[in-house]
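# Architecture at a glance
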Amino acid sequence: MRKEFLPFSRPSISEKDIAAVGDVLRSGWITTGSRTAEFEQAFSEYCGCKGAVALSSATAGMHLLLTALGIGAGDEVITPSMTWVSTVNLIVRAGARPVFVDVNRDTLMTDADRIKGLITENTRLIIPVHFAGAAVDMAPIYHLADEQNIAVVEDAAHAAGTEYRGQKVGRKGTAIFSFHPIKNMTTGEGGMFCSDNDELLQNIRSLRFHGLGVDAHDRNQQGRTPQAEVLEPGFKYNLTDVAAALGLGQLARLDDFIAKRTLLAERYQQQLAEVDEILPMKTSPCTSRHGWHLFIVRLDTARASMDRDTFMEELKQRNIGTGLHFRAVHEQRYYRETIPQVMGTLPDTEWNSARICSLPLFPNMTMEDVDDVVVAIKEVLSS
Ligand SMILES: *Cc1c(COP(=O)(O)O)cnc(C)c1O
């Protein structure tokens, strides 16, 4: 058995990253300023998108987007239940109704056909989720939404560096990225709002900082007026320069991170092919570069005569950490109690929610670590 615990994720922070953060701390300007502007510029260039707004989290980005679109009572928002809870919480807090769309059993992602049947005259927004580093087939979804004049935002929390049909996720349309420490690149906490819609970008930029015409940095630039005033009531969701300095270093290494993640994921795929109780995920054919944010397996619980939670616990006993991405949102207590009628209506989401498990995957892992995980899995399944 492994002597040291192997976590399921760990950020990759270099001495250069630490020095860059130190420089900001010594500079006299530590909140939103020139490093944040540079980070936004670098991220837009990386994705090939028109503009990017750095935020304190992806959740903040989703909150600002719902606000900018004026989503509220009487509106319906279509999104999978196989996602992180933040999106659905915000829809509910906005007074709107989440309408859950099922996902493909093997990619965990939704598609235009599944969405189509759920559209009503109240549908205002569709939020597909790029899952685990693979890409949702967006073109048919944008086509469907355009026809009916419905907005679309891509939840790209898992998709920094992912390519969809040869282009980076974020290049077209509107997408929100997360830089939480488990994601493919991190700023501690943070997010990025990318869009090809200038008006929306400007609105998000203003809403992120109290709804003022300009942000903190602008107000302190020479020639700018300190008398900026509220254009509409906004929030306080800006990213600091301390975080942006880390983000710039991480972005510069994102492609290396993905290259390493890919090698590790391929090793898992090879080694787990012979384990009958482990069902691999499939990659959507429209994914031209998998970002390998997560390596998710599904436990064949009947064959293993074991439930997924026991499987995770047994791996932990053997010093292997795992994650759960995700337990379906409608299965969580608040949603079980407030919208119980949803249970049983999303067969492929529910099937996965009971069987998925994320294995350790991060750039500083070694091939031997992957082998340790596989040995532990085989042991657990044969015990
Ligand atoms: C992490 C995550 C989010 C939220 O990102 P934060 O930056 O933590 O707010 C949203 N959606 C998905 C699918 C995620 O995995």
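Residues numbered from 1 in each chain as written. Predicted model: local features only at pLDDT ≥ 70, side-chain atom pairs only at ≥ 80, totals over all residues. Heavy atoms only, no water.

Here we come to the packing of helix α1 (residues 15-27) against helix α9 (residues 241-272). If you want to describe how two helices pack, look at the angle between their axes and the distance between the axes. For the pair α1 and α9, interaxial distance at closest approach is 8 Å and the crossing angle is 155°. It follows from the interaxial angle that α1 and α9 lie roughly antiparallel. Here α1 and α9 pass one another in a crossing that is right-handed. In this structure, α1 uses Asp17, Ala20, Val21, Val24 and Leu25 to contact α9, whose residues at the interface are Asp241, Val242, Ala245, Leu246, Gly249, Gln250 and Arg253. Classifying every residue of the contact of α1 with α9 by side-chain character gives seven nonpolar, two polar and three charged. (Axes fitted to C-alpha atoms, helices over the stretch in contact; angles between N-to-C directions. Helix = DSSP H or I, 4+ residues; strand = E, 2+ residues; numbered from the N terminus. Parallel < 35°, antiparallel > 145°, perpendicular 65-115°, else oblique. Left-handed = near helix turned anticlockwise from the far one by under 90°. Contact = heavy atoms within 4.5 Å. Nonpolar A, V, L, I, M, F, W, Y, C, P; charged D, E, K, R; others polar.)

Moving on, we come to the state of the cysteines. Counted under the stated rule, the structure contains zero disulfides. Looking at the unpaired Cys47, the closest cysteine sulfur is the one in Cys194, lying at 4.8 Å. We classify Cys47 as buried; its relative accessible area is 3%. Counting only cysteine sulfurs, Cys194 is the nearest neighbor of Cys49, a cysteine outside any disulfide, at a range of 3.7 Å. Cys49 gets classed as buried once you look at its relative accessible area, which sits at 8%. (Disulfide = S-S within 2.5 Å. Buried < 20%, exposed > 50% of the residue type's maximum accessible area, 1.4 Å probe, protein only.)

The next thing to look at is the sheet that holds strand β13 (residues 295-299). Strand pairs in the sheet, formed through backbone hydrogen bonds, run parallel or antiparallel to each other. Judged by pairing direction, the sheet is antiparallel, and its three strands sit side by side in the order β11-β13-β14 without closing on themselves. Here the strands that pair on one side only, and so sit at the sheet edges, are β11 (278-280) and β14 (356-359). Across the sheet, the axes of successive neighbouring strands diverge by a mean angle of 40°, strand direction being ignored. The sheet contact formed by β11 and β13 spans three bridges and is antiparallel. If you follow Ile278 over to β13, its bridge partner there is Leu299. Packing of α9 onto the sheet brings it into contact with β11, β13 and β14, and relative to β13 it is tilted by some 20°. Helix-sheet contacts for helix α11 (residues 308-317) involve β11, β13 and β14, and the interaxial angle to β14 is about 20°. (Pairing = 2+ DSSP bridges.)

It is worth spelling out the sheet that holds strand β12 (residues 287-289) at this point. The antiparallel open sheet is built from three strands, whose spatial order is β8-β7-β12. This sheet does not close on itself; its edge strands, each paired only once, are β8 (167-168) and β12. Sheet analysis places strand β7 (residues 163-164) next to β8, joined by two bridges and oriented antiparallel. Across the sheet, Tyr164 pairs through a bridge with Gln167, a residue of β8.

Right, let's talk about the packing of aromatic side chains for a bit. Scanning the entire structure with this criterion turns up ten aromatic pairs. Considering the side-chain rings of Trp84 and Phe326, the 6.0 Å spacing of their centres and the 35° angle between planes classify their relative orientation as tilted. Separated by 242 residues along the polypeptide, Trp84 in the loop between β2 (76-80) and α4 (85-93) and Phe326 in the loop between α11 and α12 (333-338) bring together distant segments of the chain. On the basis of an interplanar angle of 25° and a centroid distance of 5.6 Å, the ring pair of Trp292 and Phe295 is categorised as stacked. Relative accessible area serves as the criterion here: at 11%, Trp292 is assigned to the buried category. Since its relative accessible area comes to 6%, Phe295 is described here as buried. Members of the aromatic cluster, connected to one another through ring pairs, are Phe39, Phe43, Phe177 and Phe179. (Phe/Tyr/Trp six-rings, centres within 6.5 Å; stacked < 30°, edge-to-face > 60°.)

Everything listed here is a matter of geometry and, on its own, says nothing about what the molecule does.
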